[in-house]
Every structure is written in structure tokens, then in C-alpha cells.
Amino acid sequence: MGSFGKLADLYSKIEKISSHKQIVETLASFLTGLEPEDVRVAAYLALGDIGPKFEDIDLGLGEKLCIRAISLAYDIPEEDVSGIFSRLGDLGDVAFKLDERKRSSVSMQDVFEQMVRIRDSSGPGSQGEKVSVLSQLLEKSTSLEAKYVVRIALGQLRLGFGEQFLIEALALAFTGDRKNAKKIDDSYNICTDIGELAGSLAEHGINSLGSFSIKPGRPVKMMLAKRVDSIEELNRKFRGEMAAEEKYDGERVQIHVDGKEIMAFSRRLENISEQFPDVIEAFHESVQSRKMVIDGEIVAYRDSNIQPFQELMQRRRKHNVEKYMEKIPVAVFCFDLIYLDGRSMLNVPYSERRRLLEKNLQETERIKLSRRIISSNLGEIQEFFDRTVDKGLEGIIIKSVSEKSIYQPGKRGWLWVKWKKEYAKGIRETFDLVVVGSYYGRGRRHGSFGALLCAVLNEEENRFETFTKVGTGFTDEDFDEMNSLLENHLIDKAPANVVISKDMEPDLYVDPSVVIEVLGSQITKSPAHTAGNDNTEKGFALRFPRFLRIRYDKGPSEATTVEEIKDMEEEFT
Ligand SMILES: Nc1ncnc2c1ncn2[C@@H]1O[C@H](COP(=O)(O)OP(=O)(O)OP(=O)(O)O)[C@@H](O)[C@H]1O
């Protein structure tokens with residue numbers, strides 16, 4: 001059984017490295033030294049998780065309970081633990097400092113299993129049980145292990161790398177070539193359980209990759225759309241017949257029907273069933289088949305009318321679900337079917353998937369099929385776009401009806417194309433940017449951030465490069481929400497996967513995980529920013545940025561990319 005001590009050594013080593021390549025190599029050499037059965041667990045733990053993203057990985061342990069567990073484990077009064085915590089600012093460091101006795105090391109499996117036990121303990125008396133399991137784990141751990149046990153338990157490992165680094169490390173460790181990361185990534189779009197993928201690579205090498213398929217209960221990454229800005233561009237990209245669907249502005253959802261059990265997953269692959277019991281219930285009435293995976297969009301919906309996105313956002317909550325369910329009723333517009341009764345539909349053409357969706361789904365007040373037309377006449381498509389925008393929707397999604405129009409998990413290709421009303425105006429554009437730093441506010445904003453340093457994703461290099469500094473557009477509520485969100489993501493230095501120029505060093509660094517939508521009106525070149533600068537002096541920079549909203553539904557890997565900025569730059573300056 002793999003020792004957790006070795007993993008703790010790895011964490012500690014990685015904390016001191018800032019080069020992307022070195023992190024990947026260090027991770028790979030650690031993975032190569034493990035038995036295949038330990039690789040699965042190691043893959044989760046390396047990311048600070050205790051399971052795949054689509055399972056509940058929150059242990060339900062706050063700082064207070066952690067302080068209690070540390071106090072119990074080391075027999076030190078809680079007030080003293082709190083005192084040291086206020087000096088050190090990190091409970092992992094507190095455990096490291098307090099644990100002076102030599103102990104035998106714990107195994108990786110043990111840490112993993114106990115963490116799962118902590119997560120699964122619920123109901124009356126669960127707080128006590130969580131504390132007791134954690135304190136027993138700490139008692140058995142060495143000081144270095146204890147430091148990371150605490151950080152993982154709090155969901156605060158933050159080593160400055162994400163799953164993409166791990167995928168590169170898996171490629172290096174089990175296929176001998178980092179370049180195979182692309183292939184592994186393709187499989188990860190379908191098998192989104194990183195532990196399962198890692199375990200299978202460790203056991204069977206690169207040959208295992210073809211074997212993954214979609215199955216109910218394990219969400220696949222969602223297919224995305226490229227953009228066009230005008231009917232002329234659409235004409236260049238599409239020939240002949242096409243389907244044009246209304247584009248709904250809500251929350252993407254993947255519905256998994258597995259017999260009597262129905263689950264809903266978000267675009268970030270989180271299980272959101274508990275937030276939307278009404279959606280689950282509505283699908284129970286609508287589905288005609290025992291096993292299905294449906295793709296759609298949840299929108300706020302009242303009196304047969306779609307409500308603005310902001311209303312739906314109020315449903316993003318774990319508490320008071322019932323009350324908000326009544327306050328903000330929703331509907332789901334379904335537009336795809338990617339699994340049906342034991343058969344993957346990923347490689348079945350769009351038209352057939354749609355036919356089967358219509359056949360196996362009963363429309364009701366809460367469950368709808370996306371409205372669409374099929375035409376080869378661009379005038380008709382333009383009319384459909386105008387009508388859709390007049391209805392108050394954002395635009396349309398045009399989908400290829402060719403035989404080759406398969407469902408591509410996690411891909412943004414030309415089979416689906418979005419055309420939004422903002423593009424039609426041609427003067428404004430929105431970007432989904434990753435917050436990587438913040439600057440202190442002055443005057444009225446004293447005690448809060450004044451501006452946020454934001455980055456785009458460089459997919460080729462697997463890193464975030466800064467693009468703009470956003471200081472306007474925030475309401476008082478936005479400030480409060482952002483401040484409390486950022487509090488959980490502050491880090492000491494820029495991680496290896498973030499590139500910031502000297503001129504832009506922020507007051508506080510933020511680990512790249514929060515995505516915000518920003519409106520901008522001009523892209524220029526500037527030495528202050530690193531977006532797409534390819535080691536030249538000037539990167540792309542966004543002028544006149546304005547905060548619009550937090551994109552809770554997007555992770556950093558779904559942020560606007562350097563490639564997209566390059567495409568936009570020509571027409572958008
Ligand atoms: N009929 C539809 N077909 C496909 N996607 C739809 C449809 N209606 C709404 N959508 C939403 O539009 C999104 C497609 O746009 P895109 O893939 O670019 O996502 P995005 O980056 O969130 O874009 P945007 O910010 O423009 O919504 C989908 O993720 C989905 O949530």
C-alpha cells in the first residue's frame with residue numbers, strides 16, 4: 001500500500017517549484033513509482049480531492065471543526081490552537097507545528113477512506129463524528145502528513161496546478177511521452193473520472209484509452225459552440241441545410257436517467273440534483289425510457305415565459321431550496337440526446353439524436369424541446385435569428401445536419417456555431433476571464449479589492465496569461481460576493497501556470513479558479529499584459545473592461561482562450 005508520507009513529500013516538493021515542466025516531471029516520477037491500484041487514489045489526492053469532480057467532494061468540515069480535531073489529536077486547548085492559527089493563517093501549518101511527536105506514517109488508502117467517511121457522515125451527531133475521524137487520522141500522521149491532511153480536509157490544497165498538469169504527468173508516466181496528453185485529454189472528456197482514467201492508464205497503458213464510453217451517472221464534458229459574427233460568416237462556414245435552434249441563457253445541464261434515479265450535472269460536472277428537485281421531478285414525468293442522457297439548458301420560467309438569467313442565479317444555493325423553488329420556477333429546454341438504453345449516441349448524427357430525443361421525451365410545462373427550424377435558406381435563418389432576438393433571447397445556435405455531425409464532448413468545433421445579438425451590434429464583446437490577482441481598494445473601497453487582474457487561457461501552454469485589469473461594473477452586492485469568494489482562493493505567490501508581467505504584479509494573488517464575465521470594447525497590444533505574447537514584448541490587452549457577472553458555471557479551463565482573442569482581434573478593434 002502506498003504511503004501518504006511519499007505523497008506529502010511530493011506536495012512539499014511541488015510547493016517549491018514554479019516551472020510547469022518540472023511540476024509535470026515530478027508528478028510523473030511519483031506516479032511511476034506507485035502500484036497501479038494506488039494510482040487511482042493518488043490521482044484524486046494529487047488534486048486535493050477525494051473523488052471525481054461529479055461526486056460530492058466537500059467534506060463538510062469548516063475551520064471551526066478542524067480546530068477542534070487538531071485540539072483533540074494533540075491534546076491542546078482549542079483556544080491555543082485558534083491563537084496559533086491567527087498567527088500562522090493556515091491550519092495545515094498549525095498541525096505541522098503542533099505535531100512534534102514522531103509517529104508512524106499513514107497509508108494513502110487510509111487517508112482516502114477516512115476522508116470519504118468524513119464526507120459521508122451526515123445527520124445528527126455527524127459533526128462530532130467528523131471531528132473524531134479527523135483527529136484520529138491526525139494522531140496517526142507524521143507532522144508533514146498532518147499538514148496536508150488538514151489542507152485536503154478543508155479543500156485547500158492549492159498546489160498551483162490543475163487537472164491538465166496531471167494529465168500531462170499521466171502521459172509521461174504511463175505512455176512515455178508527454179505529447180500523448182492530447183489523447184488522454186480526449187478520453188477525459190468522456191471518462192471524467194480522473195482516478196478511473198489514471199488507474200486504467202497505469203494498468204493498461206495507452207491502449208486503455210479507446211475503451212471509455214458514456215454511461216449514466218458519469219457525466220461527459222459538454223459540447224461547445226464556435227462563434228460567428230454575421231450572416232456572411234455563417235455563409236462561409238455552412239453550406240446547404242442547417243438546423244437553427246434558439247439559444248437559451250440559463251444554466252447548462254446534463255440529465256442522467258438511470259432507471260428510477262435521475263441526476264442533473266452542471267457544465268462543471270457538479271451534481272446539482274439537490275439544487276433542482278423540481279427539475280428531477282419534472283423529468284420523472286417526461287422521460288419515456290429507462291436509461292437516457294439528455295443535454296439541455298435550465299432557465300427561469302414563469303407564466304410560460306423565459307425569465308432573465310439573473311433570476312435563475314438565485315437558484316444557486318444549498319439552503320432554502322424549497323423556498324426558492326417556489327419563488328423562481330424553472331423549465332428545461334432539451335436539445336440533445338447522447339445516451340439511450342445501453343447505447344452511446346456520441347457518434348450518431350445530430351438529426352437522428354434529435355429524432356430519438358423527440359420520441360423519448362414528453363413535453364410538459366417544465367420540460368421543453370429547444371425550438372428550431374431547418375433550412376438552407378440564409379434569409380430564413382436571418383429571420384429566425386431576428387425573431388428569436390425580438391423574443392428577448394440571446395441569439396441562435398446553428399447545428400450541422402450532416403452525417404458527420406456527431407456529439408463531441410468538451411470540444412468547441414464548427415458543428416455547432418453560436419450567433420448572438422451582441423455580435424450583431426459588433427461593438428461590444430464579452431469575455432470569460434480567470435481572476436488571478438487583486439489590488440487593494442482605496443477610499444470607499446477600503447477593505448475590499450479595488451480591481452481584479454484577469455487572465456485568458458493559453459490552451460497550448462496550459463497556462464493563464466493576463467489580459468486586463470477590471471475595476472468597474474461592480475455593484476455593492478458584487479463587491480461583497482466577490483470578496484467572500486476570493487477569501488477562499490488567496491495564495492502567497494503566482495502559481496506556475498499563471499504569467500504576470502512586472503508592471504502588473506497584484507497586491508494579492510488568487511489561485512486561478514474563479515471565472516467572471518467581462519464586457520470590453522477594444523483589444524490592443526500592451527507590454528503590461530502577457531496574453532498571447534509568445535515571449536515578445538507585447539500581449540493582447542482589453543480596454544474599457546466592465547464586470548458583468550460571476551460565471552459560477554465555468555471553471556478556469558473554460559475561460560476565453562488566446563486563440564479566440566486572436567480570432568476576435570481583427571474585427572474587434
Ligand atoms: N439550443 C441550444 N443548443 C446548444 N447550446 C445551447 C442552446 N441554448 C443555449 N445553449 C447554451 O449555449 C452555450 C453554447 O455557447 P458556448 O459553448 O460558447 O458557451 P459559453 O461559452 O457559455 O457561451 P456564452 O457565454 O455565449 O453562453 C451552451 O453551453 C449552452 O449552455
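Conventions used here
Residues numbered from 1 in each chain as written. Predicted model: local features only at pLDDT ≥ 70, side-chain atom pairs only at ≥ 80, totals over all residues. UniProt positions renumbered as here; feature names shortened; annotations may be inferred. Helix = DSSP H or I, 4+ residues; strand = E, 2+ residues; numbered from the N terminus. Contact = placed C-beta atoms within 7 Å. Buried ≥ 20, exposed ≤ 12 C-beta atoms within 10 Å, placed from the backbone. Near = placed C-beta within 6 Å. Nonpolar A, V, L, I, M, F, W, Y, C, P; charged D, E, K, R; others polar. Pairing = 2+ DSSP bridges. Axes fitted to C-alpha atoms, helices over the stretch in contact; angles between N-to-C directions. Core = buried A, V, L, I, M, F, W, Y, C linked by C-beta atoms within 7 Å. Domains from an automatic or database assignment. pLDDT = per-residue confidence, 0-100.

- For the protein chain, the name recorded in an unreviewed UniProt entry is DNA ligase, with Methanolobus zinderi as its organism.
- The record in UniProt for the protein chain states the following under Cofactor (unreviewed entry): "Mg(2+)".
- Database annotation for the protein chain, UniProt heading Catalytic activity (unreviewed entry): "ATP + (deoxyribonucleotide)n-3'-hydroxyl + 5'-phospho-(deoxyribonucleotide)m = (deoxyribonucleotide)n+m + AMP + diphosphate."

### With respect to the environment of Val279
- Tracing the backbone shows Val279 in helix H14 (residues 277–286).
- Along the primary structure Val279 and Tyr552 are separated by 273 residues, whereas in three dimensions their C-alpha atoms are 19 Å apart.
- Dropping the residues within four chain positions of it, Val279 is found in contact with Ala264, Ile298, Val330 and Val332.

### Focus: unusual backbone geometry
- Positive phi values are uncommon outside glycine, yet Leu269 reaches one of about 70°.
- With respect to the helices, strands and loops of the structure, Leu269 is situated in the loop between strand S4 (261–265) and H14.
- Looking at Leu269, the number of C-beta atoms within 10 Å reads 20, which means it is buried.
- Positive phi values are uncommon outside glycine, yet Phe544 reaches one of about 50°.

### Quick notes on the site of the ligand
- Of all residues adjacent to the ligand, which total 13 residues, the nearest are Leu224, Glu245, Arg252, Phe335 and Ser370.
- Taken together, the elements giving at least two residues each to the shell around the ligand come down to strand S1 (224–227) and strand S2 (242–247).
- A breakdown of the residues in the shell around the ligand according to their chemical character gives six nonpolar, one polar and six charged.

### Some points on helix H9 (residues 143–153)
- Burial of H9 is extensive: ten of the eleven residues sit out of reach of the surface.
- Of the positions making up H9, those classed as buried are Leu144, Glu145, Ala146, Lys147, Tyr148, Val149, Val150, Arg151, Ile152 and Ala153.
- Residues of H9 that are buried make contact with helix H1 (4–15), helix H3 (36–46), helix H4 (63–74), helix H6 (91–98), helix H7 (108–120) and helix H8 (126–140).
- Looking one or two residues beyond H9, the residue adopting positive phi is Gly155, at roughly 70°.

### Regarding the UniProt feature "active site" (unreviewed entry) in the protein chain
- Here the UniProt-annotated "active site" (unreviewed entry) positions come out as Lys247.
- Structurally, Lys247 can be placed in strand S2.
- Judged by the 23 C-beta atoms lying within 10 Å of it, Lys247 is buried.

### Notes on the sheet that holds S2
- Sheet architecture is open: five strands sit in the order S1-S12-S11-S2-S10, paired in mixed fashion. Only two strands of the sheet have a single neighbouring strand rather than two, namely S1 and strand S10 (372–375). Pairs of neighbouring strands in the sheet enclose a mean axial angle of 35°, with direction left out of account.
- Taken together, the four bridges between S1 and strand S12 (residues 412–420) define a ladder with parallel strand orientation. By the bridge assignment, Lys226 is partnered in S12 with Val417.
- Along the sheet, helix H18 (residues 378–390) contacts S2, S10, strand S11 (395–400) and S12; its crossing angle with S11, the most-contacted strand, is approximately 145°.

### Observations regarding the environment of Arg549
- By the secondary structure assignment, Arg549 is in strand S22 (residues 546–550).
- Remark: the alpha-carbon pair of Arg549 and Gly520, spanning 29 residues in sequence, is separated by 13 Å.

### Here we look at the nonpolar core
- Counting residues in hydrophobic clusters, the biggest one holds 137 residues, and the most contacted among them are Ile70 and Leu170.
- Among the domains, domain 1 (4–153) and domain 2 (224–425) are the pair contributing at least three residues each to this core.
- If we ignore the near neighbours within four places in the chain, the residues touching Leu170 are Leu31, Ile184, Ala198 and Leu201.
- Judged by nonpolar contacts, the second largest core, of 38 residues, contains Leu486, Val499, Tyr509 and Val515.

### Brief notes about the confidence of the model for the protein chain
- In the predicted model, the protein chain carries a mean pLDDT of 91, and 97% of its residues have values of at least 70.
- What the predictor reports for the complex is a pTM of 0.84 with an ipTM of 0.95.

### With respect to the UniProt feature "binding site: ATP" (unreviewed entry) in the protein chain
- Sequence positions flagged by UniProt for "binding site: ATP" (unreviewed entry) are, in local numbering, Glu245, Arg252, Arg267, Glu297, Phe335, Arg412 and Lys418.
- Position of Lys418 among the secondary structure elements: in strand S12.
- The contact partners of Lys418, leaving out residues within four places of it in the chain, are Ala225, Arg227, Lys247, Gly395 and Ile397.

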